[in-house]
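One letter stands for each residue in the lines below.
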Amino acid sequence: FAHHPNLWQQVVLSTLGGRFRFSGNWKDTFLRTKVGGEARHTPLQIGCCFSDALHDPWIGAALQVDPRWLAVESVDRRKNLSVDEFISRYETPGVPVIITDVASKWPAMKEWTREQLARKYADKEFRVAATVDMRLDDFLHYTERACDERPLYLFDKDFCVKCPEMEGQYAVPAHFSEDLMRVLGSDRPDYRWLLFGP
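Definitions and limits used
Residues numbered from 1 in each chain as written. Predicted model: local features only at pLDDT ≥ 70, side-chain atom pairs only at ≥ 80, totals over all residues. Heavy atoms only, no water. 1 Å grid on protein atoms, 1.4 Å probe; cavity = no way out; pocket = protein on both sides within 12 Å on 5 of 7 lines; lining within 4 Å. Points joined across faces, edges and corners; volume = space filled by probe spheres on them. Helix = DSSP H or I, 4+ residues; strand = E, 2+ residues; numbered from the N terminus. Nonpolar A, V, L, I, M, F, W, Y, C, P; charged D, E, K, R; others polar. Salt bridge = Lys/Arg side-chain N within 4 Å of Asp/Glu carboxyl O. Patch = residues over 30% accessible without salt bridge, like charges linked within 9 Å, V, L, I, M, F, W, Y side chains within 5 Å. Areas by Shrake-Rupley, 256 points an atom, 1.4 Å probe, with all protein chains shown as cover. Buried < 20%, exposed > 50% of the residue type's maximum accessible area, 1.4 Å probe, protein only. Polar contact = N/O pair within 3.5 Å; in protein donor to acceptor, adjacent residues only side chain to side chain. Contact = heavy atoms within 4.5 Å. Phe/Tyr/Trp six-rings, centres within 6.5 Å; stacked < 30°, edge-to-face > 60°. Lys NZ or Arg CZ within 6 Å of the ring centre and 35° of its normal. Axes fitted to C-alpha atoms, helices over the stretch in contact; angles between N-to-C directions.

### A look at empty space enclosed by the protein
Part 1 of the argument: For the coordinates displayed, the defined rule picks out one cavity of 30 Å³ or more.
Part 2 of the argument: Leu117, Tyr121, Phe126, Leu136, Leu154, Met166, Leu194 and Phe196 together form the lining of the largest cavity.
Part 3 of the argument: Counting residues per element, the ones that place at least two in the lining of the largest cavity are α7 (114-121) and β6 (194-196).
Part 4 of the argument: Counted by class, the lining of the largest cavity contains eight nonpolar, no polar and no charged residues.

### Considering unusual backbone geometry
Part 1 of the argument: Despite not being glycine, Asn80 has its phi angle at roughly 55 degrees, a positive value.
Part 2 of the argument: Structurally, the position occupied by Asn80 is in the loop between β1 (76-78) and α5 (83-91).

### As for the pattern of salt bridges
Opposite charge on two side chains permits them to pair, given that their charged atoms come into close proximity.
Part 1 of the argument: Under the counting rule described, the total for this entry stands at 18 salt bridges.
Part 2 of the argument: One salt bridge in this structure joins Arg89 and Glu85, with 3.3 Å as the shortest N-O distance. With a gap of four residues between them, Arg89 and Glu85 both fall in helix α5, about one helical turn apart.
Part 3 of the argument: Residues Arg145 and Glu144 are paired through a salt bridge, measuring 3.1 Å at the closest nitrogen-oxygen approach.
Part 4 of the argument: One salt-bridge network, held together by shared partners, links Arg21, Asp123, Arg135, Asp137 and Asp138.

### Points about a nonpolar patch on the surface
Part 1 of the argument: On the surface, a nonpolar cluster with roughly 320 Å² of combined accessible area is contributed by Trp58, Ile59 and Leu63.
Part 2 of the argument: On the accessibility criterion, Leu63 (54% relative accessible area) is exposed.

### Examining the side chain of Gln169
Part 1 of the argument: Here Gln169 is to be found in the loop between α9 (159-162) and β6.
Part 2 of the argument: Looking at Gln169, its side chain comes within polar contact range of the side chain of Trp112, at 2.5 Å.
Part 3 of the argument: Not counting residues up to four positions away in its chain, the partners in contact with Gln169 are Trp106, Pro107, Ala108, Glu111 and Trp112.

### A word on the packing of aromatic side chains
Part 1 of the argument: If you walk through the whole model with that rule in mind, you get 13 aromatic pairs.
Part 2 of the argument: For the ring pair Phe155 and Trp193, a centre distance of 4.9 Å and an interplane angle of 50 degrees mean the geometry is tilted. With Phe155 in strand β5 (residues 154-156) and Trp193 in the loop between α9 and β6, the pair connects residues that are 38 residues apart, well separated along the chain.
Part 3 of the argument: Exposure remark for Phe155: the relative accessible area of 42% places this residue in the partly exposed category.
Part 4 of the argument: The ring of Tyr191 carries the charged tip of Arg188 above its face, separated from the ring centre by 3.8 Å.

### A short note on the packing of α7 against helix α8 (residues 136-145)
Part 1 of the argument: With their axes 9 Å apart at the nearest point, α7 and α8 run at an angle of 150 degrees to one another. Residues Arg114, Leu117, Ala118 and Tyr121 of α7 lie in contact with α8, whose contacting residues are Leu136, Leu140, Thr143 and Glu144.
Part 2 of the argument: Of the residues assigned to the contact of α7 with α8, the class counts are five nonpolar, one polar and two charged.

### Some points on the layout of surface pockets
Part 1 of the argument: Approximately 610 Å³ is the volume found for the largest pocket.
Part 2 of the argument: Along its surface, the largest pocket is lined by 25 residues, and Tyr170, Val172, Pro173, Tyr191 and Arg192 are the ones closest to its centre.
Part 3 of the argument: Residue composition of the lining of the largest pocket, by class: 18 nonpolar, one polar and six charged.

Structure representation (C-alpha cells):
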C-alpha cells in the first residue's frame, strides 16, 4: 500500500509542486528529486487487508466492458451544419449534437502539435493540478513516461494570458457566437481552457 502511485503522486505535488522531472513512477520521482536516491525496501506481508485505494485500480482493470454498451451511437455527428439548422433542430429542443468540422480550419490544428508547443513554450508554466503549475517541458516528459491510472492533465484557464499569440489561433464557432455570459461582466466564469494529457 505504501507504494501506491496515487499516494506518491499527492506527496510529489504537495511537496515539490511543479518542480520535478518524472522518473517513471511517483515514488522514484520523489526519492530522486528530494532525497537523491532510489527506493530500497522490503515488502510487508499483511493478510486480510481491504482498501478502496487498492480495490479501485483492480476493478478498473478487471471489469469487462460489454461490447453492446459501445455499439449504440445516440448523439448525432454533423458537419456543414448551418446556424439556423443548429438552432431549430438542436439548440431550441435541447438535443445534443457533435459538430465535427468546427476546428478543422483553425491555425491551432497545425500550430498546436506536441513538437511546436514544446519548441515555443517549453519554459512556460501551466496548471496541471488544482494548485500546481509545471513547465511544459517537464509535463511533456511526464506524459511520455506516465502509466498512471489517474494521470495529470494540463488544464489551464490562463493560457491566452501566458501565450497571447494562441488566442488568435482558434475561434468561437458561429453556432455559439451569442455570448450569454457577457452580462456577468467581471463575474463571468472562466470560459477558455487549454487541455492536454497523456
